[in-house]
Amino acid sequence: MNQEISFYPFLSEEEKEMLDCSMQHLSCRKGQIVHRHGDSCVGLIFVPKGRLAFSILSEEGREITVFRVEKGASCILSAACVLQSLDFESHITAEVASEVAVLPAPVLSQLMNRNHDVERLVYKQAVLQYSSVLRTMQQIIFLSLEKRLATFLLEESKRQKGSSFSCTHEQIARYIGSSREVVTRMLNQFASRGIVSLGRCTVTVLDRDALEDLLV
C-alpha cells in the first residue's frame, strides 16, 4: 500500500522502513472530519480506499470544497507546518467511508531533509494542489453561478465516467461556492430546459452540448 505514495520508490531501504513503521492507519465514516484547521499539524495523508474532500472557509464562513483526494492519492496541504508558507483555514472530510494512512509531520520533515527527491515530489504535489485551490477561487470570483454549475456538471460526469452521478445539492453548493437553495433553484431551471434530470441525490446530464454552450 505505501508503495503507491509518489516518493516511495526514491527512498532508501532505511527510509522505507522509517516510513512503513511510522504510518498511522485510520478508518473514517462518511462525513467524518479527518483534519481541521487549528488541530496539530497532521502531516501527509494518503488514501488507500475511499475519497476525501479538502475544503476552505470563506470570510463569510461558507465552506468551499476546492479539490478531492481520490483513492491512491495523497493530500500534502495537510502538512502546513512542514511546508510553512502554505496555510489555509481549512478542513478535510471523508466524502465516503474511507481508509486513511497518515505519515506524521516530523517523519515527513525528516525524509524531506534527508532525501532531495522526497522534497522535490512533496513540493510538486503541493503546487498542484495549491493550483486547484486558486482555480476554484478564480471560478468563484470571475464566473457566474450558471457557468460554475455547468463546469461542475461537465467535469463531474467526466470524472465519474457516466452521465448520471450521485451528489447532493449541498455537496454541489460546496463545490461551486454557493448555497444549497440557490443550487436547487438553478438545477430545477436546467431540468426545465431539458439539460439535466434530477433524482434523489442524483443528477443526470442529458445535454452536454447545452452545458458547453453556457461556457462560451
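See the structure printed just above.
Conventions and cut-offs
Residues numbered from 1 in each chain as written. Predicted model: local features only at pLDDT ≥ 70, side-chain atom pairs only at ≥ 80, totals over all residues. Heavy atoms only, no water. Buried < 20%, exposed > 50% of the residue type's maximum accessible area, 1.4 Å probe, protein only. Helix = DSSP H or I, 4+ residues; strand = E, 2+ residues; numbered from the N terminus. Arc of directions from axis to C-beta. Contact = heavy atoms within 4.5 Å. Pairing = 2+ DSSP bridges. Core = buried A, V, L, I, M, F, W, Y, C linked by side-chain atoms within 4.5 Å. 1 Å grid on protein atoms, 1.4 Å probe; cavity = no way out; pocket = protein on both sides within 12 Å on 5 of 7 lines; lining within 4 Å. Points joined across faces, edges and corners; volume = space filled by probe spheres on them. Nonpolar A, V, L, I, M, F, W, Y, C, P; charged D, E, K, R; others polar.

Observations regarding helix α3 (residues 105-114)
Next up, step 1: For α3, the set of buried residues is A105, V107, L108, L111 and M112. Angularly, the buried residues of α3 cover 165° about the axis, an arc narrow enough to put them on a single face. Exposed positions of α3 whose direction lies more than 90 degrees from the buried face are P106 and N113.
Next up, step 2: The elements touched by buried residues of α3 are α1 (13-22), β3 (44-49), α2 (80-83), β8 (98-103) and α4 (116-142).

Points about the environment of R200
Next up, step 1: Mapped onto the secondary structure, R200 falls in the loop between β10 (196-199) and β11 (202-205).
Next up, step 2: Separated by 81 residues in sequence, R200 and E119 place their C-alpha atoms 45 Å apart.

Section: the pairing of β8
Next up, step 1: By the criterion of burial, β8 is predominantly enclosed, with 5 of the 6 residues buried.
Next up, step 2: Two strands pair when backbone bridges link them, and strand β1 (residues 24-28) and β8 are joined in this way by 5 bridges, in the antiparallel orientation. Within the sheet, the bridge partner assigned to L26 lies in β8 and is V100.

Let's talk about the nonpolar core
Within soluble globular proteins, side chains that are nonpolar generally end up buried alongside one another.
Next up, step 1: Ranked by internal contacts, the top residues of the largest apolar core, which has 44 residues, are F7 and L108.
Next up, step 2: Top element by residues in this core is α4. It accounts for 6 residues.
Next up, step 3: Not counting chain neighbours up to four residues away, the residues in contact with L108 comprise F7, L44, I76, A79, V82, L103 and V122.
Next up, step 4: Residues Y175, F190, V205 and L211 belong to the second largest nonpolar core, which totals 23 residues.

Digging into the layout of surface pockets
Next up, step 1: Reported here for the largest pocket is a volume of approximately 580 Å³.
Next up, step 2: Residue lining of the largest pocket: 22 residues in total, with V66, F67, R68, R135 and E155 positioned closest to the centre.
Next up, step 3: Breaking the lining of the largest pocket down by element, the ones donating at least two residues are β5 (63-69), α4, α5 (145-159) and α6 (169-176).
Next up, step 4: Here the lining of the largest pocket is composed, by residue class, of 8 nonpolar, 7 polar and 7 charged.

Points about the sheet that holds strand β6 (residues 74-75)
Next up, step 1: As summarised here, the arrangement of the 4 strands in space is β1-β8-β3-β6, forming an open sheet in which the pairing is antiparallel. Looking along the sheet, the strands with just one partner apiece sit at the ends: β1 and β6.
Next up, step 2: Across 2 bridges, β3 lies against β6 in antiparallel orientation. Bridging from a neighbouring strand, I45 pairs with C75 of β6.

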